[in-house]
Every structure is written in C-alpha cells, then in structure tokens.
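# Analysis of the macromolecular model
Residues per chain, in single letters:
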Amino acid sequence: MARKPALGDLYLGMISGTSADGIDVALVRFDPEPQLLMGRTYRWDDALRTRLIELGQGGEATSLDELGELDVQVALAFAHAAGRLITQSGLDRALVRAIGSHGQTVRHRPEGTFPFTWQMGDGNVIAERTGIPTVADFRRRDVAAGGHGAPLMPAFHAAMLHDPGEDRAVLNLGGIGNLTLLPGSGAVRGFDTGPANALLDAWCERHTGMAFDAGGAFAATGKPDEALLARLLDEPWFAQPPPKSTGREQFHLAWVESKLGQGALAAADVQATLVELSAVTVAEALRATQPGTARVMVCGGGVHNPVLMQRLAARLPGVVVESTEAHGLHPDYVEAMGFAWLARETLAGRPGNLPSVSGAKGLRVLGALYPA
C-alpha cells in the first residue's frame, strides 16, 4: 500500500517560461524518491500575457506604477494557479512545506556595467494568498555573484538524470533552448543555445492566428531556406562561448524580420527555417562542448513538435534523442519540478547554482524566503 504523504513531504514548483504560454505548476514529493504527484498548466489572462511579452521583448513600461502593479498581478496569477492545483489534487495544503516560484522574466541583462535579471511575481503576495512559505527571486543572487543567473536547472538535472556510464545532455526546448551537459565523470555545465519556441510560437501566431504550431503542422508545409538560415546563424551571440544566456529581448520577431532580406519568402518556409535554426544551434553547441554525447533527453514544449524533434535527430546522427519521459520525468513539468527542488535546497541551506554553468564566483544559496 502506497505511503500517504507526511506533513512537510511535499513541495510545489511554478514557472512561466520565455514563451509566457502559461503557468506550469508541479506538486512534487522528493522522499523517498522524486515523484510528480500532479502537474498542470494554467493560462494567463490574455491582456496580461500580451503586456508581459511586450516587456520581455524590450518594450518600455509606461511608469513605475505600472511595473509595481504588474508585479502584483503576476504574483496573484501564480498564487491562484497554486491554489487551483492544490484543490484539484485533493490534498491538504498544510502538507506543502514550501512553494518555489520562478515568476515571469521581463528583462535579462546579465552583462554590462550593472548586470541584472528581473522576474516578476512578488513572493510576499504568493505567501500571503496561499498561506504557504514561498521561495522566490532565485536568479538575482547568482547574477550578484558574477554569474548569468541562468540556466538554473542543471543542478536539478544532475541530481535526477546523471549516469556515470555515459555522457548525457538534457535539452530544454522552452521559449529559449538550453543544454545541461552531464558527462559520465567531470563537471556539469549548461548554457542557453538560442531561440526555440518563443520565435516559433510568435511567427505561427502572426501568420496563422494559432498560439503555437500544434504538431509542427505549419512548419511541415514549408521548406527551410538556406540563405535565411545562414543570415540567422550569423548573429554574433551564437559564436560566444559559455557561460551565456539570452531571452526575448534579443531573439524576437523584429530580429527575424531584420534577417529576411529582399526576397519574399512564404510564411511556412520561414517557420521551417526557424525550426532548423533551433536544431542547428543545439547540435553545433553540443558538438563544440561535449562531442562524445550518447544521449539527449528533451523536455519543454518543443518535445511535442515532431518536426523539431526529427530535425534534432537528423542533426545529431548516432545520438539517442528522446523525451525525459523515458527517464521518469514528465517533459512538460521538468522546470516546475526543478523550482520545487530549488525551494527544498534553499530551505535546507544548500546552494542551488553551479558556477561551472553560470560563471558565478562560487556556490550560492538561491532565492528569498517569504514565510507563511
């Protein structure tokens, strides 16, 4: 008979990624072994999502008042999502020891004179509305320590998916693609590879009215344009060595349009080219940093795009490309589970970053705790 969860066994993780396509929530038990008890994705209010995407792509806020109000609106949406999932689970919220809330990134500038990263969603509001201790603001401590504050999932990936018998990689195909390198022996590394769903979704929505390219059907009707692909790949960011990270403020539709050139291309051909861009940048990054990789475990929304998965496999001959589902981690909720895990690490006083990934000066306990 399955053991009932004991008080304090459970953690809840939440994130809205670069695509801002919804708030992913995961209810997780880590002892005696990791188990996703329930995962759900809750849609944003359309007007709020539109504004968050505008800001994430470099748009300007109208006032400090707007920024303050958005911070609270995002927190209220996260708190509501947490409450809905707990209610749907049928479990007593007193069983949840803590919430780990990533929030919504609206600007990510880890380099420059005054590096910063900003995730909206005030942890005070989440703790107050849910009555559950909340850990939030995970990225800024790493940036303060000289790191990129991203990606943060490699420590979780290493804890869940490392195998001393082979060189592995975890590929998150969210709005931005990022890799975690898990060699059989040696340091864990990780970095962003470039655009993934953020551009695919935005181009699809503009030209079909659909929020995303379901099943890769739109891309499947097009053909990659080699000249456009070459211009996209000429972006200097791709040639930078890790550690590196990026976001909507760099890779957005205006960037795509600046690369289109004079000749008219069918919208489906551009979509197919953007798929190829994601596949090429992942494959080239992997060959440059861990050429002996035997297995790539994929999570994030891109795992449901068969065209993208096929192009990845084609660009990585001899490498097993599969969903994290094959290893017991639901691909839609790996990141939300990861922030539940990071909250657990923070409460235990353990560091959640990896300097070999982010470039930070050292290990740091991440996040701020907002008591219930």
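Placed above this text is the structure.
Everything quoted here is computed from the prediction, not taken from an experiment.

About the cut-offs
Residues numbered from 1 in each chain as written. Predicted model: local features only at pLDDT ≥ 70, side-chain atom pairs only at ≥ 80, totals over all residues. Heavy atoms only, no water. Salt bridge = Lys/Arg side-chain N within 4 Å of Asp/Glu carboxyl O. Helix = DSSP H or I, 4+ residues; strand = E, 2+ residues; numbered from the N terminus. Buried < 20%, exposed > 50% of the residue type's maximum accessible area, 1.4 Å probe, protein only. Phe/Tyr/Trp six-rings, centres within 6.5 Å; stacked < 30°, edge-to-face > 60°. Lys NZ or Arg CZ within 6 Å of the ring centre and 35° of its normal. Core = buried A, V, L, I, M, F, W, Y, C linked by side-chain atoms within 4.5 Å. Contact = heavy atoms within 4.5 Å. Pairing = 2+ DSSP bridges. Axes fitted to C-alpha atoms, helices over the stretch in contact; angles between N-to-C directions. Expected span 1.5 Å × (residues − 1). Polar contact = N/O pair within 3.5 Å; in protein donor to acceptor, adjacent residues only side chain to side chain.

## Remarks on the pattern of salt bridges
Applying the stated criterion across every chain yields a total of 15 salt bridges. For Glu166, the salt bridge goes to Arg295, with nearest N and O atoms at 2.6 Å. Of the two residues, Glu166 sits in the loop between α5 (154-161) and β7 (168-173) while Arg295 sits in strand β10 (residues 295-299), which places them 129 residues apart along the sequence. According to the relative accessible area criterion, Glu166 is buried, its value standing at 18%. Residues Glu345 and Arg344 are paired through a salt bridge, measuring 3.8 Å at the closest nitrogen-oxygen approach. Because the salt bridges share partners, they merge into one network encompassing Asp163, Glu166, Arg168, Arg295 and Glu322.

## What about the packing of aromatic side chains?
Tallying each qualifying case throughout the model produces eight aromatic pairs. Linked through ring pairs, Trp237, Phe238, Phe251 and Trp255 together constitute an aromatic cluster. Cation over ring: Lys244 sits above Trp237, and NZ or CZ is 4.1 Å from the ring centre.

## Re the nonpolar core
Side chains that are nonpolar tend, in soluble globular proteins, to be buried together. With 43 residues, the main nonpolar core has Leu171, Leu179, Trp255, Leu274 and Val296 as its most contacted residues. For this core, the leading source of residues is helix α10 (residues 267-289), giving eleven residues. Those residues within four positions of Leu179 in sequence are excluded, and the remaining contacts are Ala169, Val170, Leu171, Arg189, Gly190, Phe191, Thr193, Val282, Ala285 and Leu286. Counting 31 residues, the second-largest nonpolar core is a separate cluster that includes Ala20, Tyr42, Leu48 and Ile126.

## Some words on the sheet that holds β10
Taking strand neighbours across the sheet as the criterion, the five strands line up as β9-β8-β7-β10-β11 in an open arrangement whose pairing is mixed. Where the open sheet ends on each side, the last strands, each with one partner, are β9 (189-195) and β11 (320-323). Sheet twist, expressed as the average angle between the axes of neighbouring strands with direction ignored, equals 20 degrees. Strand direction decides the pairing type here: β7 and β10, joined by five bridges, are parallel. Considered in β10, the bridge of Ala169 is made with Val296.

## Some points on unusual backbone geometry
Here the residue pair Ala150 and Pro151 is connected by a cis peptide bond, since its omega of -15 degrees sits within 30 degrees of zero. As for its placement among the helices and strands, Pro151 is situated in the loop between α4 (140-144) and α5. Of note, the amide linkage connecting Pro242 to Pro243 takes the cis form, showing an omega dihedral of 0 degrees. Structurally, Pro243 can be placed in the loop between α8 (226-233) and α9 (253-259). Even without being a glycine, Asp137 presents a positive backbone phi close to 60 degrees. Positionally, Asp137 belongs in the loop between β6 (134-136) and α4. Of the residues examined, Asp137 reaches a relative accessible area of 23% and is grouped as partly exposed.

## Structural notes on helix α2 (residues 64-89)
Every α-helical turn comprises 3.6 residues, leaving residues that sit three or four positions apart pointing alike. Taking 1.5 Å per residue, 26 residues should reach 38 Å; α2 reaches 38 Å between its end C-alpha atoms and fits that length. Taken together, the buried positions of α2 are Glu66, Leu67, Leu70, Val74, Ala75, Phe78, Ala79, Ala81, Ala82, Gly83, Leu85 and Ile86. At the N-terminal boundary of α2, the capping side chain belongs to Ser63, with an oxygen 3.3 Å from the backbone nitrogen of Asp65. Gly90 lies just past α2 and shows a positive phi near 75 degrees.

## Digging into the environment of Ser63
Structurally, the position occupied by Ser63 is in the loop between α1 (46-56) and α2. Classification of Ser63 by relative accessible area gives partly exposed; the value is 32%. Taking C-alpha positions, Ser63 is 40 Å from Ser89, a pair spaced 26 residues apart along the chain. Of note is the side chain of Ser63, whose polar atom sits 3.1 Å from the backbone nitrogen of Glu66.

## What to know about the side chain of His157
Within the fold, His157 resides in helix α5. For His157, a relative accessible area of 2% translates into the label buried. When near neighbours in sequence (up to four residues on either side) are disregarded, His157 contacts His162, Val170, Thr180, Leu182 and Val334.

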